[in-house]
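Breakdown of the fold
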Amino acid sequence: MDAFSSLQRSIEKLVRIRCSSYKEDYIKRRILSRMRLTKNESYEEYHKYLLATPQEVDLLRNALTINVTKFFRDPEVYTVLRQEILSSLIQKRGTVRIWCAGCATGEEPYSFAILAHDLLEAKPGASVSIYATDIDREVLRKAAEGVYDRRAVEQVGERELRKHFTARDDGMFEVKPHIKDLVRFRHHDLMSEIPAARYVDVVSCRNVTIYFSEKQKNDLARLFHSALLPGGYYVMGKTEYLGREVEHLFSPFNSAQKILTKKS
Ligand SMILES: C[S@@+](CC[C@H](N)C(=O)[O-])C[C@H]1O[C@@H](n2cnc3c(N)ncnc32)[C@H](O)[C@@H]1O
């Protein structure tokens, strides 16, 4: 077995990531970046380093999952969003603005759009705009295409799948235009200190800040606070948290689902 295949085997076992679910080129790029950072010159050398360095397992996992996402990731969050947040915003306001920050390949903003579309059907005249941003232009290109494999849509119910996606002959699922029309994709760096959208009712920034320093996380919380309308919602990833310095800016809305509301 060659050095790369043998390394992949260990990655499957230690990192518990199925390398075959990714393009080989993607896996190689991420491993090479870890090799550069850890000053290992060959796959063989890096393989030995990985086996001898437990913390590298986590760092490699993070490097490999940097763009990982799926439709309705953590479905409980979407249940709260639909039942307790979006339905009342659409009823009360009529115009609802959502910013999905760090949207990767688009599954998260399209999940919001699916929820919103079904609620809008019950409230003629209301509208929802979803601003979806990411720093990676390549993922934004894929997001705008809106074509996904079966794994990405496994949390989408059969009824929603038929209603909002076109099943293609090659086994892929394409988001239908009535959902695409609710989402605008744009390049934006969350560290730029300028919000990509203002006067928004909801900011969803999930599984993005795990690579950010404490200062960057705090600056980002301030940025979201300035972008949100009074009483607006900030949805964080399940493993993310608000730093002490910025705790006073938000109140908990649903602690289990990491949803906060803006204090004015
Ligand atoms: C793991 S994905 C999260 C996708 C989605 N939010 C979810 O929870 O499923 C993290 C995304 O954050 C983006 N990202 C990382 N740093 C960023 C930055 N400074 N500005 C904007 N996006 C960034 C990455 O390009 C990647 O697409």
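All values derive from a computational prediction rather than experimental measurement.

Another aspect to go through is the sheet that holds strand β5 (residues 173–175). An order of β3-β5-β4 is seen for the 3 strands of this open sheet, with the pairing classed as antiparallel. Edge strands, defined here as strands with exactly one partner in the open sheet, are β3 (147–148) and β4 (165–167). Of the strand pairs in this sheet, β4 and β5 are connected by 3 bridges, and their pairing is antiparallel. Residue Thr166 lies in a different strand from β5, and its bridge partner there is Glu174.

In terms of backbone geometry, most residues other than glycine have negative phi values and most peptide bonds are trans. A positive phi angle, close to 50°, is found at Ala104, a residue other than glycine. In this fold, Ala104 is placed in the loop between β1 (95–101) and α6 (107–121). Here Glu193, not a glycine, exhibits a phi torsion of approximately 70°, which is positive. Tracing the chain through its elements places Glu193 in the loop between β6 (183–187) and β7 (200–205). Taking the C-beta count within 10 Å as the criterion, Glu193 has 11 such neighbours and is therefore assigned exposed.

On the basis of which strands lie adjacent, the open sheet formed by 7 strands has the order β6-β2-β1-β7-β8-β10-β9 and mixed pairing. If you trace the sheet from one side to the other, it starts and ends with β6 and β9 (250–254), each paired once. Strand after strand, the sheet turns through a mean of 25° between neighbouring axes, direction not considered. Where β7 lies against strand β8 (residues 228–236), 5 bridges are found, and the strand directions are parallel. Paired with Val203 across the strands is Tyr234, a residue of β8.

About the cut-offs
- The written sequence of each chain sets the order in which its residues are numbered from 1.
- pLDDT decides what is reported in this predicted model: residues at 70 or higher carry local features, side-chain atom pairs at 80 or more are listed and counted, and totals for whole chains, interfaces and linings draw on all residues regardless.
- Pairing between strands is defined by DSSP: at least two bridges between them are needed.
- Secondary structure elements follow DSSP: runs of H or I no shorter than four residues count as helices, runs of E no shorter than two count as strands, and numbering proceeds from the N terminus.
- Exposure criterion: with C-beta atoms placed from backbone coordinates, a residue whose C-beta has 20 or more other C-beta atoms within 10 Å is buried, one with 12 or fewer is exposed, and one in between is partly exposed.
- With axes taken as lines fitted to C-alpha atoms, and helix axes fitted only over the stretch in contact, angles between N-to-C directions fall between 0 and 180 degrees.

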